[in-house]
Amino acid sequence: MTSTSSDLDLGELLAANIGADLDPYTGYAAARAQAPVVRANHLGADVTMVYSYEHASQILRDQETFSARINGRWMGPLLGRTILEMDGREHFVHRRLIGHAFRPSVVGSGATA
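Residues numbered from 1 in each chain as written. Predicted model: local features only at pLDDT ≥ 70, side-chain atom pairs only at ≥ 80, totals over all residues. Heavy atoms only, no water.

## As for the side chain of Ser 52
The test is simple: Each helix is a run of DSSP H or I of at least 4 residues and each strand a run of E of at least 2, with the numbering of both proceeding from the N terminus. Pairs of N or O atoms within 3.5 Å make up the polar contacts considered here, provided that, within protein, one atom can donate a hydrogen while the other can accept it, and that residues adjacent in sequence are counted only when both atoms are side-chain atoms. Whether two residues are in contact is decided by their heavy atoms, any of which lying within 4.5 Å being enough.
If you trace the backbone, Ser 52 turns up in the loop between strand E2 (45-50) and helix H3 (53-60). In this structure the side chain of Ser 52 is engaged in a polar contact, spanning 2.5 Å, whose partner is the side chain of His 55. Apart from the residues within four sequence positions on either side, Ser 52 is in contact with Arg 32 and Pro 36.

## Topic: the pairing of E2
Each regular strand shows side chains that alternate between the opposite faces of the sheet. We apply this condition: Note: two strands are recorded as paired if DSSP finds a minimum of 2 bridges between them.
As judged from the six bridges shared by strand E1 (residues 37-42) and E2, these two strands associate in the antiparallel manner. Bridge pairing links Val 38 to Met 49 in E2.

## With respect to the confidence of the model for the protein chain
Cut-off, in case you're wondering: The score called pLDDT rates the predictor's confidence residue by residue, from a low of 0 to a high of 100.
Across the protein chain, the average pLDDT comes to 80, with 77% of residues at 70 or higher. Mean pLDDT values for the elements of the protein chain range from 60 in helix H1 (residues 10-17) up to 92 in helix H5 (residues 88-98). Between residues 1-6, whose pLDDT stays under 50, and residues either more than four places distant or in other chains, the model counts eight contacts.

## As for the environment of Val 50
Our working rule: Between buried and exposed lies partly exposed: a residue is buried under 20% and exposed over 50% of the maximum accessible area for its type, with that area taken using a 1.4 Å probe on protein chains only.
Looking at the secondary structure, you find Val 50 in strand E2. The partly exposed category is assigned to Val 50, whose relative accessible area is 26%. Between the alpha carbons of Val 50 and Val 37 there is a distance of 4.6 Å; along the sequence they are 13 residues apart.

## Examining a nonpolar patch on the surface
Operational definition: Patch construction takes residues with relative accessible area above 30% that form no salt bridge. Like charges are linked within 9 Å, and nonpolar side chains (Val, Leu, Ile, Met, Phe, Trp, Tyr) are linked within 5 Å. With residues, only the protein chains shown are counted as cover, and all accessible areas are computed by Shrake-Rupley using a 1.4 Å probe. Salt bridge, as used here, is a side-chain nitrogen of Lys or Arg placed within 4 Å of a carboxyl oxygen of Asp or Glu.
Together, Phe 92, Val 93, Leu 97, Ile 98, Phe 102 and Val 107 make up an exposed nonpolar region whose accessible area comes to about 580 Å². Counting residues per element, the nonpolar patch draws most heavily on H5, at four residues. Tracing the chain through its elements places Leu 97 in helix H5.

Take a look at the structure:
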């Protein structure tokens, strides 16, 4: 059975994305050593898990094959529609609106925008 956003609860969403391990980096390193790119089933959706910078960078530039829209499946129930599920021009427009808040001078200082 395929899950829909209406039958996923907060606990399932958090467990599926971060699990019980608050420091997932050891697991990421092990996955990267085994296979830097893996096709998997995540919450009923076929997804590509990427564990290397090189592959992630390539995938993030290929929005035709790897759309960000799938992020809405698990983020939507928690956050509503966000920039993380937008592709192309839509993402660019929204990013320009909020980008100033993520400049190193703002993030690094702990100041609020």
